[in-house]
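The primary structure of each chain is shown beneath.
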Amino acid sequence: MAAGTRSHTGWGLWLALASAATFGSSGPFAKSLLVEGWSSGAIVLLRVAGATLVLAAPTTLALRGRWSLVRTNLWSILAYGAVAVAGCQVAYFYAVQRLDVGVALLLEYLGVVLVVLWVWLRTRRAPGALTGLGVVLAVLGLVLVLDLSGQSRPDLVGVAWGLVAATGLATFFVLAAEDSSLPPVALAGLGMGAGSVVLGALGAVGVIPLTFVDTRVELMGRGAPWWVAIGELALIAAAAAYLLGVTAARMLGSTVASFVGLTEVLFAVLFAWLLLDELPGLMQLAGGVCIVGGVVAVRLGELRRARAERGRAAAEETDFPLPAGVA
């Protein structure tokens, strides 16, 4: 490997880790607001609206006057904003209000498994053995996180919100995988703008409570103004996190970047421990290991299937049979 390529990959890995860390920081800062009486809808509205303003310039540059792409991809933008951004974040913050940050995020990551089930239903093609093993591991992890023995059983309403967040994450993956001419940064910027409008409208009619509290929040045992938490959520945990993730994916490729992104769970647990003195129990940590292992197995299985399908397509185009062991 050439020195320039190694340097490029090295920077990509650091950026991917930075993206995972910034995404993982959202839970503790949101929880510091929730315990002071803020509603999840209010937190997400300010977070998404702030990120929209930050991403406005990159979005405009990415489109470069090609605003017809917005009309062509309007439904994807609306679905991204309403479900993958607004719905997912509101549900996650409702889960954080009742669960440890790490547990809530582990539940959200079950969205990867939901994507596999969605593809299975849509294509009527059963997943491969490795993907199936990943699904089993993830379900086993969910059972451990729930701790059915009753020693440290989490709030079931919080678990339900975590699973709703998983549905939003699954929607994000499905929309991100679409073959679209819309630049990723534009999808994020416009989607967050759409999410802001949806949240504002639902808050105006009372469907989603919007409770803002002018108070101080507690982080690392010290008080801080509420706008410090909101600023972190909008600038770091949303806008910066997404831009770092896009840059890392272009340097590493989507597969490697997505695997590194799994470290978000570890960063979320670390931040919750440092900022809120909050750590899941041993049973829930074991469940977390199973869920992360299941997600890794699912992605490896889907990668193997994608390679096999590309190999078959290439063989059909050249009229040559597949070599032994490819399928």
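Residues numbered from 1 in each chain as written. Predicted model: local features only at pLDDT ≥ 70, side-chain atom pairs only at ≥ 80, totals over all residues. Heavy atoms only, no water.

In the annotation of an unreviewed UniProt entry, the protein is listed under the name Threonine/homoserine efflux transporter RhtA and assigned to Pedococcus dokdonensis. The UniProt entry for the protein carries the following text under Subcellular location (unreviewed entry): "Cell membrane". (UniProt positions renumbered as here; feature names shortened; annotations may be inferred.)

1. A look at the packing of aromatic side chains
On inspection of all chains with the given rule, the structure shows 4 aromatic pairs. Ring plane angle 80 degrees and centroid distance 5.7 Å describe the contact between Trp38 and Phe212, whose orientation is recorded as edge-to-face. Of this pair, Trp38 sits in the loop between helix H2 (26–34) and helix H3 (40–63) while Phe212 sits in the loop between helix H10 (184–204) and strand S1 (216–219), placing them 174 residues apart in sequence. With relative accessibility at 3%, the residue Trp38 sits in the buried group. (Phe/Tyr/Trp six-rings, centres within 6.5 Å; stacked < 30°, edge-to-face > 60°. Helix = DSSP H or I, 4+ residues; strand = E, 2+ residues; numbered from the N terminus. Buried < 20%, exposed > 50% of the residue type's maximum accessible area, 1.4 Å probe, protein only.)

2. Some remarks on the packing of H2 against H3
Angle between the axes and distance between the axes are the two parameters that describe a pair of packed helices. At a minimum axis separation of 10 Å, H2 and H3 run at an interaxial angle of 130 degrees. Judged by the angle between their axes, H2 and H3 are oblique. As H2 packs across H3, the resulting crossing turns out to be right-handed. Contacts between H2 and H3 involve Ser26, Ala30, Leu33 and Leu34 on the former and, on the latter, Ser40, Ile43 and Arg47. (Axes fitted to C-alpha atoms, helices over the stretch in contact; angles between N-to-C directions. Parallel < 35°, antiparallel > 145°, perpendicular 65-115°, else oblique. Left-handed = near helix turned anticlockwise from the far one by under 90°. Contact = heavy atoms within 4.5 Å.)

3. A few points about the nonpolar core
Ranked by size, the top nonpolar core spans 73 residues in total, and within it Leu33, Ile43, Tyr80, Tyr92, Leu110 and Leu233 carry the most contacts. Tallying contributions element by element places helix H5 (residues 74–98) first for this core, with 11 residues. Apart from the residues within four sequence positions on either side, Tyr80 is in contact with Val85, Phe172, Leu175, Leu187, Ala188, Gly191 and Tyr242. (Core = buried A, V, L, I, M, F, W, Y, C linked by side-chain atoms within 4.5 Å.)

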